[in-house]
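# What the coordinates show
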Amino acid sequence: MSFIARMMRRVRAALFFRRREREMQEEMRGHLEQAAERFAARGLSGADARIAARREFGNATVIESHAREARGALWAESLATDTRLALRGLRRTPLVAVVAVLSIGIGVGATTAIVTIANALLLESPAGVGHADRVVSIGSTRQGHGFDTFSYTTYTDYARAPSLAAMAAMDLEPRAFSVVDHDNGQAAQGGVVSGNFFRVLEARPALGRFFGAGDDTDANPASVVVLSDRYWRKRFGGDSSVVGRTVDLNGSPFTIVGVAAPGFEGPFVIAPDLWLPLHAWAQLSHSRSVFTERESVWLIGIGRLKPGRTPSQAQIEIGAIAARLRTAYPKESDLDGVRVAPVSLIPGDGHAVVGAFMLVLFVIAGLVLVVAAANVAGMLLARAVGRRREIALRLALGASRLRLVRQLATESVVLGLAAGAAGLVLAHWLVTALMSLQPKLPVPLRVHPAIDARVLAFATCLTLLVAVLVGTLPALESVRPDLVPALKIDTGATARRHRVRSVLLVSQLGVSMLLLVVAGLFGRSLVRARAVDTGFTAHSIDIVSLDLELAGYDSVRGVTQAHALLEESRTLPGVTQAALSAMLPLSGSAMGFGPIAIDGHPAPRGEDGWTADWNVVTPGYFETLGVPLVAGRAFTDADRAGATNVAILNETFAKRVFGTTNVVGQTLRNANRVITVVGVARDAKYRSLDEAPLNYIYVPLAQFYQPATNLMVRTNRERFVAPLLRRLVARFDPHLPILNQQTIEDATAFSLFPQRLAALVSGALGTVALALAMLGIYGVIAYTVAQRTREIGVRVALGATHRTILAMVLRQGLVLAGIGIAIGLATALLVTRLLADFLFGVQPTDVPTFAGAAALLVIVALAASWVPARRAAASDPMISLRAE
């Protein structure tokens, strides 16, 4: 019989086990009745006939066993019996069962939650993309790093790579648009993509059609848009007649030609509301030169590989094209290098950064699982000691050691499955909680972590592995002893098991120590980050993000309307200061207007000019954000178009160029403009909290018009002005959509998000590890006290004082804790160096953190040992001496 046939027979036997059992019982009963009738016919009484029949039939139990084995059902019977015995055994020790299930469940749940998020961010293919394994993302690099944009002309050159069946281009970040439908204007995030974008991704429309390459030409750019399913349902209520309807995008009519299928939101994590062709956007924004100027870098590529081609082959080919272009255009920065990688939700270096961060969180969660497993193994070992006589008796009655190990392993598996189910529930809650910490962003992100088949397989394998590991040692210890000593009191075996539990406890304390150090480092990082002097006031400021271009304002009208809006906002109740600013602090982004030349002060390294981050602001900016000026004056309404161009430098820029902050009256040259320095502002944090001091220059909006700006109003703490601001903008111009509304705390929260998330996860899991460590210490010390009851009775009888017994027990707990702390400290010294990139203002070997974690663990050890120590010290020597 083949293996498959045997397996099928066993499966059938398991599925129809009860029916087969009933049939077998009925058949055996029939044989016995026939034999009894035959013996009765020979003159035996009814009772003697039945006895004779059973004697002739033989051992019914053995026959049943042989019958089950013959039909392949013996294993099912054994499994059912073992499972029944396991459940019965766990019911006898409910506290151990509950603690073990919760301990492993917490560890499995924490690791599964991290894997669920990592799976959604790093492993899942973009939804709605056909044959995603053949899709690659293409971006430029600088000195081998990054994933940046390149020009349209470079895109057309890269598209000729032989390995690519086709290549599309897209603007990586969606652009804000004002979408007006039936006089109802709202902001929307639009993806600007080439005409072949949907064909390259093999996406399918749910309604209408996608635009194609024919709609995206310079000669005849089609004013068409495709809606995402999410935006279609949200804005148009899922109206199927939307196809063919005309809507206004930034004041120009566009025709809705289709709706993408549900789930498809592009190849990356940033999900646009709609898509429009490159040339249609260029016509809308009057930026047709971006298709011919090599210095206009604004696109990344999405390529589809030909069958049988690999990303490595495409990398070599496109790299060769970039090298040829670099020779022809040596000054173009986008030709420095190129990266071709399989498409993922997070492209470029971000994929590795997010992966490293998720790995750190996974290791932290995994350490908690190790602590929980060690704790449960210790409990099962103690439970096995209590069952040693039962095991020894069963061995004496003929049970094989393999059979007993299998039964004990079944108990562990039952325990593990219950813990795994609890872990999945906990993982779902944790994922929901972690996703709720996501900072508010101006663009929608497509991250939908869910426990799918891949995560479920991980959780199942992890649970079974942990169950087998925690059950193996107690099972082997249970079946190891000789029968006679085990049926009595075997002090040698007891001491051996105590050593094993102590080793488990020490390893548990060592890992707990490591977790406490990690949690302490991340916690101190968060405290340090929050204590950083940002150089501005980070509270009581409401922000409304606007794009004046969306309302159809040109530069002249835009300046006028911006001034009018600013004046009206200052009249709102509770508003004390107001200003407009193109850049938000700590947003992670920057603005530039090109190199700055300064007579008599050449730029370093022979560059064309000084580089700096720019910001376009209005009068009142420094008062609103609380940034003091160290020299000169702030901007005024007199700094308007046509007047002398003025600027305010930060301290770092002034000192680097002139060696002093006394630079009022100095002149700069940028492009064709001459700019006079009128003031110097105190340094602040501009992009991130951990940035080095940056060159920074402020210029007035009236002279350097930028339509994308942020209205910032400082308020009294007791006033909530968000609704007032919304009504103000709606009343000011109904066609001016609010792109985003938030507080300064929300705007700067993203800069602290990694530290906050790491501190929260490591702190919560460190607390769990600490609780498990306390439970483990208590269990070991209490068990030791129970084993030494007679010894303690003798000591007390011989004159040992209450304090002596108390100190003896506490000393044992502290010794174990000390060994675990030492091991944990040594491990932490090696491991925490790997966290250096994720810490802020704290060294990986921060002494206060290490000392604090050790002190906390000592306190926990004392507290956990105190109860059994008090019980031992209060024991009656007469009762103790009679103890077995």
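Shown above is the structure to which this text applies.
Let us look at the structure shown here. Keep in mind that what you see is a predicted model, and the values were worked out from it rather than measured.

As a further point, take the overall build of the chain. Across its full length, the chain carries 26 helices and 23 strands. Its C-alpha atoms give the chain a radius of gyration of 37 Å, more than 25% over the compact-globule value 29 Å for 884 residues. Across its three principal axes, the chain shows a C-alpha extent of roughly 130 × 75 × 55 Å. The long-range share in the chain, meaning contacts at least 24 apart out of those at least 6 apart in sequence, stands at 81%. Total accessible area on the chain is roughly 40,100 Å²; 59% of this is exposed by carbon and sulfur atoms. Averaging the positions of the 89 positive and the 69 negative side-chain charges in the chain gives two centres separated by 13 Å.

Moving on: the packing of aromatic side chains. Following the criterion strictly, the structure yields 24 aromatic pairs and no others. Seen in terms of ring centroids, F593 and W614 are 5.1 Å apart; in terms of plane orientation they differ by 80°. Their pairing is edge-to-face. In this pair, F593 sits in the loop between β15 (575-581) and β16 (613-617) while W614 sits in strand β16, placing the two residues 21 residues apart along the sequence. With a relative accessible area of 1%, W614 lands in the buried category.

Applying the stated rule across the entire model yields 19 salt bridges. One salt bridge connects D273 with R230, and the closest N-O pair in it is separated by 2.9 Å. Pair noted here: D273 is in the loop between β10 (252-260) and β11 (274-277) and R230 is in helix α9 (residues 229-236), with a separation of 43 residues, a long-range link. D239 is paired through a salt bridge with R245; the nearest N and O atoms lie 2.9 Å apart. When salt bridges that share partners are traced, they join D157, R160 and R294 into one network.

Right, let's talk about a positive patch on the surface for a bit. A grouping of R18, R19, R22, R84, R88, R91 and R92 is seen on the molecular surface, where their side chains present a positively charged patch. For the positive patch, the elements supplying multiple residues, two or more each, are α2 (17-41) and α5 (74-92). Along the chain, R22 turns up in helix α2.

Phi at E202 is positive, roughly 55°, even though this residue is not glycine. With respect to the helices and strands, the residue E202 is situated in the loop between α8 (197-201) and β7 (205-208). Phi at L586 is positive, roughly 60°, even though this residue is not glycine. In this fold, L586 is placed in the loop between β15 and β16.

Mapped onto the secondary structure, E295 falls in the loop between α10 (278-285) and β12 (297-305). Linking E295 and D334, residues 39 residues apart in sequence, is a C-alpha distance of 8.2 Å.

Before going further, it helps to spend a moment on the environment of T715. Relative to the helices and strands, T715 is located in strand β22 (residues 708-715). A relative accessible area of 7% means that T715 is categorised as buried. When the C-alpha atoms of T715 and P573 are compared, they prove to be 8.6 Å apart, with 142 residues separating the residues in sequence. The residues contacting T715, other than those within four sequence positions of it, are S540, D542, G574, V575, T576 and V721.

Quick reminder: α-helices carry 3.6 residues per turn. Residues three or four places apart thus point the same way. When helix α21 (residues 722-732) is considered as a whole, its buried residues turn out to be A722, L725, L728, V729 and F732. The buried residues of α21 occupy an angular sector of 120° when projected down its axis, which confines them to one face. The inward-facing, buried residues of α21 abut β14 (541-547), α18 (555-569), β22 and β23 (740-743).

On to helix α20 (residues 651-658). Counting buried residues in α20 gives six out of eight residues, a clear majority hidden from the surface. Among the residues of α20, E651, T652, F653, A654, V657 and F658 are the ones counted as buried. Looking at the buried positions of α20, the neighbouring elements they touch are β17 (629-632), β18 (646-650), β19 (667-670), β20 (673-681) and β21 (696-700). Note on α20: the residue one or two positions beyond its end, G659, has a positive phi of about 80°.

Attention shifts here to the side chain of D639. By secondary structure assignment, the location of D639 is in the loop between β17 and β18. At 3.0 Å, the side chain of D639 and the side chain of R633 are in polar contact. A distance of 2.9 Å separates the side chain of D639 from the backbone nitrogen of T636, its partner in a polar contact. Ignoring sequence-local partners within four residues, the contact set of D639 consists of R633, A634, V646, P700, A702 and Q703.

It is worth spelling out the pairing of β19 at this point. The side-chain alternation of β19 yields one buried face, formed by L668 and N670, and one unburied face, formed by T667 and R669. Bridge count between β19 and β20: four bridges; the pairing is antiparallel. Across the sheet, the residue bridging to T667 is T676, located in β20. Counting the residues between successive antiparallel strands, the hairpin from β19 to β20 contains two residues, one of them, A671, with a positive phi of roughly 55°.

Cut-offs applied
Residues numbered from 1 in each chain as written. Predicted model: local features only at pLDDT ≥ 70, side-chain atom pairs only at ≥ 80, totals over all residues. Heavy atoms only, no water. Helix = DSSP H or I, 4+ residues; strand = E, 2+ residues; numbered from the N terminus. Rg over C-alpha atoms; globule rule 2.2 N^0.38 Å. Contact = heavy atoms within 4.5 Å. Areas by Shrake-Rupley, 256 points an atom, 1.4 Å probe, with all protein chains shown as cover. Lys, Arg positive; Asp, Glu negative; His and termini not counted. Charge placed at Lys NZ, Arg CZ, Asp CG, Glu CD. Phe/Tyr/Trp six-rings, centres within 6.5 Å; stacked < 30°, edge-to-face > 60°. Buried < 20%, exposed > 50% of the residue type's maximum accessible area, 1.4 Å probe, protein only. Salt bridge = Lys/Arg side-chain N within 4 Å of Asp/Glu carboxyl O. Patch = residues over 30% accessible without salt bridge, like charges linked within 9 Å, V, L, I, M, F, W, Y side chains within 5 Å. Arc of directions from axis to C-beta. Polar contact = N/O pair within 3.5 Å; in protein donor to acceptor, adjacent residues only side chain to side chain. Pairing = 2+ DSSP bridges.

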